[in-house]
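Here is what each chain is made of, one letter per residue.
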Amino acid sequence: MEMEACARCGECLAWCPAYAQDPRESICSRGKLGSLKRIVTSGLNGEEMKEFLEGLYECSACGQCHIVCPVRINTHELWERARESLVKAGIPQPEEQIKHLTAIRECNNSFAKPQTERGLWAETAWRAGLLKEPVRLWKEYQAPVLYFAGCTASFDPAMQTVAVQSARLLQEAGVDFSILGPDEPCCASKLRRMGDPGFADAAQQRADLFLRSGIGRIIVSCAGCFKGLHSDYAGILPASVEVLHLTEYLDRLIREGNLTPTRNVPMKVTYHDPCHLGRHNQIYREPRNILHAIPGLSLIEMRRHGPFSLCCGMGGGLKLAKPEIQKKMSAARIRQAEETGAEAIVTPCQTCQMGLMTGTEATSSGLKVYHITEMLIRSVCPEADRAHIEKAFTETETG
Amino acid sequence: MGLVLSVGFYTCFLFFVAGYLVRMVTWAQQAPPRVLPGKTLTLPVFLNALVDILLLRRLLRANDVLWLGEWTFHASLVILFLRHLRYILEPSPPFVYAMDIPARVAAWLLPASLIYIGAMKLVIEKKPYISSYNFMLLGLMMVSCVSGLVMKYSLPADIVDIKHFTMGLVTFHMGISPESITFLFHFVIFLVLLVSLPTHMFAAPLTMIEARQREDDLPYLLHEK
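Bear in mind that the values here come from a model prediction, so they are computed numbers and not experimental data. Positions within a chain are numbered from 1, following the residues in the order the chain's sequence is written. Starting at A for chains and at 1 for ligands, labels are handed out in the order in which the entities are written. For this predicted model, a pLDDT threshold of at least 70 governs which residues receive local features, and a threshold of 80 or more governs which side-chain atom pairs are given and counted, while totals over whole chains, interfaces and linings are taken from all residues. Hydrogens and water molecules were not included; the side-chain quantities draw on all heavy atoms of the structure.

### Quick notes on the sheet that holds strand β8 (residues 344–347) of chain A
Residue and element names in this part refer to chain A. The strand order β7-β6-β8-β9 describes an open sheet built from four strands, whose pairing is parallel. The open sheet has two free edges, formed respectively by β7 (297–299) and β9 (368–371), since each of these has just one partner strand. Strand-to-strand, the axes of this sheet are offset by a mean angle of 35°, without reference to chain direction. The pairing criterion is simple: DSSP has to find at least two bridges between the two strands. Elements are defined by DSSP. Helices are runs of H or I of four residues or more, strands are runs of E of two residues or more, and each kind is numbered from the N terminus. As paired strands, strand β6 (residues 267–271) and β7 are joined by three bridges and run parallel to one another. Opposite Val269, over in β7, you have Leu299 as the bridge partner. Packed onto the sheet, helix α19 (residues 350–363) meets β8 and β9 and runs at close to 175° relative to β9. Axis definition: a line fitted to C-alpha atoms, over the contacting stretch in the case of helices. Angles run 0 to 180 degrees between N-to-C directions. We call two residues contacting when some pair of their heavy atoms lies within 4.5 Å.

In structure tokens:
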């Protein structure tokens, strides 16, 4: 029905961030819907199928086409279902995506690292004096709140700052929390993004783990994991398990007076809405509230923001399938950020942060890219800012 | 000529109806929308979706310049459709008479909105913004509008002959076709449009209802508010 509903108006084409970098009909939703319809009716020839597959995977599943679609076709879910159906029919994902998915299935993290290393960021941070107290493991202490760091903030040395700062901010606010550490699973949402048929089973296993462990509230700092646990697990994880994004929780803590940004952060910044947080989960207000609460910080919106925020290209496995397109997409976003005259672009997603950094490199931009926790840390406890954390972690590694 | 037009009409109409019957069956067999078990469409959700459909609310949000043209086009089309019911209903219901003045306005607004939409897409946006299929539809609609206006204001056809002919079609009493060339042209364009009508006319309202239902059933999913 969705294929028949397309009015071929071209609105998706006018807004698609991937089409903006590679203007071929097969890249935009209109083209993909047309091809899907033909697959069902008359079939595609070899060349047409190749082009369709290219379009299907040259997509960050950002959901912009769904937002602007006048007839509200659920496009991003349709692409995920199409990917899954093709895989089931023996037409696999691009090679780099397969490697990534294999790592998740086999190692329970997308970095193909031993799970025993997953919670090491917390130990290192505590030893380096970056935390107020050690972060306890869930198996030792079942706190009212579970902090879910996700694969990137747990394993990527460049992004462990996010996990450390998130934990420190929760401590500053007096939140009683623990982490799963080596027992923390990959959220498996990437399986769904890239059409892996094993997603439902993987999600059920994770949901069972949370329920078995008696977890009632999960705070997630990764936008992708949040989309996974909050949205993709709908109908799998009972609503009794509350899943909140870190920005929602921090905003609440600030409003309730448990966390007070006091120090001046005299900066002009612009805010990048991650697709998984904004368009997919409607979290637009909370991160902005946090930025507004920081003294001295001024926020300037980009031309495209909120539901119309331009994707940096890091979602949906696009970076793996077509890194050159991701680079162009993030460069386009950086140029929009530069138009505002801001000195930094702030985002609450470490994946977007990495993606945007690709853009600053590609455009040789002087614009700084920060995670939102960095801004808040500078106002609450600057001794745990990025520079301090990186220095401490480097010393720990070398020492 | 009457026989040819009548056969043409029945063929096109059968093609149109059969096409949609097949689609309806296919849609019904498809997997249901992603909703929680036990949830059904409620009146508030339906009314919300109805407003989406009637106002093209999503397009208004994404592209207000184009919305003006598209809404005018669709509203004019509905008015003219209702007014044209007088050719196949006897006696014509009061709402058809009430459409007289609105239809006179819509008859001009429809081609104007088509020109506006075409200009917006071709001039303001990039060339591939408009699909070749929509180009064809816009062209057919424009020809239909112009022939209708010519019939109304320049080369009037005998309305009694037309009604006699069209009533004959719907009552299966094939009669003589009106002699007006403009009418013949207008009618043939209508038949071409009938078989090439975009499928979104029927599927789009359903996806719009489904979207609202998804929002209501999975409020914590908050996909697309």
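The rest of the description comes next.
### Side note on the side chain of His276 of chain A
Residue and element names in this part refer to chain A. Take His276: it is sitting in the loop between β6 and α16 (285–293). Accessibility here uses a 1.4 Å probe with only protein chains present; expressed as a share of the type maximum, an area under 20% marks a residue as buried, one over 50% as exposed, and anything in between as partly exposed. Among the residues examined, His276 registers a relative accessible area of 15% and is labelled buried. When neighbours within four sequence positions are excluded, His276 is seen to be in contact with Arg193, Ala223, Gly224, Lys227 and Asn281.

### A closer look at the interface of chain B and chain A
In many reports, interface size means the accessible area that the parts give up when they come together. At the junction of the two partners, chain B supplies 39 residues and chain A supplies 40 residues. Across the chain B to chain A interface the summed buried area is about 3400 Å²; carbon plus sulfur atoms make up 51%. Each salt bridge in this description consists of a side-chain nitrogen of Lys or Arg and a carboxyl oxygen of Asp or Glu lying within 4 Å of one another. Put simply, chain B and chain A have two salt bridges between them. Residue Arg23 of chain B pairs with Glu4 of chain A through a salt bridge whose shortest N-O separation is 3.0 Å. Nitrogen and oxygen atoms within 3.5 Å of one another constitute a polar contact, given that in protein one can donate a hydrogen and the other can accept it, and given that sequence-neighbouring residues count only through two side-chain atoms. Between the two partners, chain B and chain A, sit ten residue pairs in polar contact (both at pLDDT 80 or more). Contributions of two or more residues to the side of chain B that touches chain A are made by α1 (2–29), α3 (57–62), α7 (132–153) and α10 (200–217) of chain B. Top contributing element to the side of chain B that touches chain A by residue count: α10 of chain B, with eleven residues. When two parts are put together, the accessible area they lose, computed with a 1.4 Å probe and summed over both, is reported as buried area.

### Some points on the packing of aromatic side chains
All names here are of chain B. When the centres of two rings from Phe, Tyr and Trp lie within 6.5 Å, Trp using its six-membered ring, the rings pair. Their planes under 30 degrees apart give stacked, over 60 give edge-to-face, and anything left gives tilted. Inspection of every chain in the model, using the stated rule, returns 20 aromatic pairs over all chains. Arranged with centres 5.5 Å apart and planes meeting at 15°, the rings of Tyr10 and Phe172 form a pair that is stacked. With a gap of 162 residues between them, Tyr10 in helix α1 and Phe172 in the loop between α8 (159–170) and α9 (181–195) connect regions that are remote in the sequence. Seen from their ring centres, Tyr20 and Phe202 are 4.3 Å apart, and the 55° between their planes marks the pair as tilted. Of this pair, Tyr20 sits in helix α1 while Phe202 sits in helix α10; the two residues are 182 residues apart in sequence, bridging distant segments of the chain. Residue Tyr20 is classed as buried on the basis of its relative accessible area, which comes to 8%. On the basis of relative accessible area, Phe202 is assigned to the partly exposed category, the value being 29%. The rings of Phe9, Tyr10, Phe13, Phe16, Tyr20, Phe165, Phe172, Phe183, Phe187, Phe190 and Phe202 are connected pair by pair, giving a single aromatic cluster.

### Details of the pairing of β6 of chain A
As a general feature of sheets, a regular strand has side chains that alternate between the two faces. Residue and element names in this part refer to chain A. Taking burial as the measure, the five residues of β6 include four buried ones, the bulk of the element. Where the polypeptide runs from β6 across α16 and back to β7, its parallel neighbour, the crossover connection is right-handed. Strand direction decides the pairing type here: β6 and β8, joined by three bridges, are parallel. From the neighbouring strand, Tyr271 faces β8, where its bridge partner is Val346. When the strands point away from the viewer and the connection leading from the first strand across the helix to the second strand turns clockwise, the crossover is called right-handed.

### Examining the environment of Gly278 of chain A
Residues and elements named next belong to chain A. Tracing the backbone through its elements, the reader meets Gly278 in the loop between β6 and α16. For Gly278, a relative accessible area of 0% translates into the label buried. Separated by 96 residues in the primary sequence, Gly278 and Pro182 have C-alpha atoms spaced 30 Å apart. Leave out the neighbours within four places in its chain, and Gly278 touches Ile283 and Tyr284.

### A closer look at the domain arrangement of chain A
Residues and elements named next belong to chain A. What counts as a domain boundary in this text is fixed by an automatic or database domain assignment. Along its sequence, chain A is organised into domain 1 (2–92), domain 2 (115–254 + 386–398) and domain 3 (260–384). Computed over C-alpha atoms only, the centres of domain 2 and domain 3 are separated by 21 Å. The partner domain 3 presents 33 residues to the 32 residues of domain 2 that form the contact. Interface area, domain 2 with domain 3, both sides summed: about 2700 Å², of which 68% is carbon and sulfur. Scanning the region where domain 2 abuts domain 3 turns up one salt bridge. Of the charged contacts, one joins Glu383 and Arg168 as a salt bridge, the two residues approaching to 2.6 Å between their closest N and O atoms. The interface formed by domain 2 and domain 3 includes nine residue pairs in polar contact (both at pLDDT 80 or more). Going through the elements one at a time, α10 (150–155), α11 (160–172), α14 (223–232), α15 (246–255) and α21 (386–398) are the ones with two or more residues in the side of domain 2 that touches domain 3. Under the scheme applied, nonpolar residues are Ala, Val, Leu, Ile, Met, Phe, Trp, Tyr, Cys and Pro; charged residues are Asp, Glu, Lys and Arg; polar residues are all the others, including Gly. Considering only residue class, the side of domain 2 that touches domain 3 consists of 14 nonpolar, ten polar and eight charged.

### Considering unusual backbone geometry
In this structure, the amide linkage connecting Glu90 of chain B to the following residue, Pro91 of chain B, adopts the cis form with an omega of 0°. With respect to the helices, strands and loops of the structure, Pro91 of chain B is situated in the loop between α4 (64–84) and α5 (94–98). Within the chain, Arg8 of chain A stands out as a residue other than glycine whose phi angle is a positive 55°. Relative to the assigned elements, Arg8 of chain A resides in the loop between α1 (2–5) and α2 (11–15). Residue Arg8 of chain A is classed as partly exposed on the basis of its relative accessible area of 29%. One non-glycine residue, Leu56 of chain B, lies in positive phi territory at about 50°. Here Leu56 of chain B lies in the loop between α2 (43–55) and α3.

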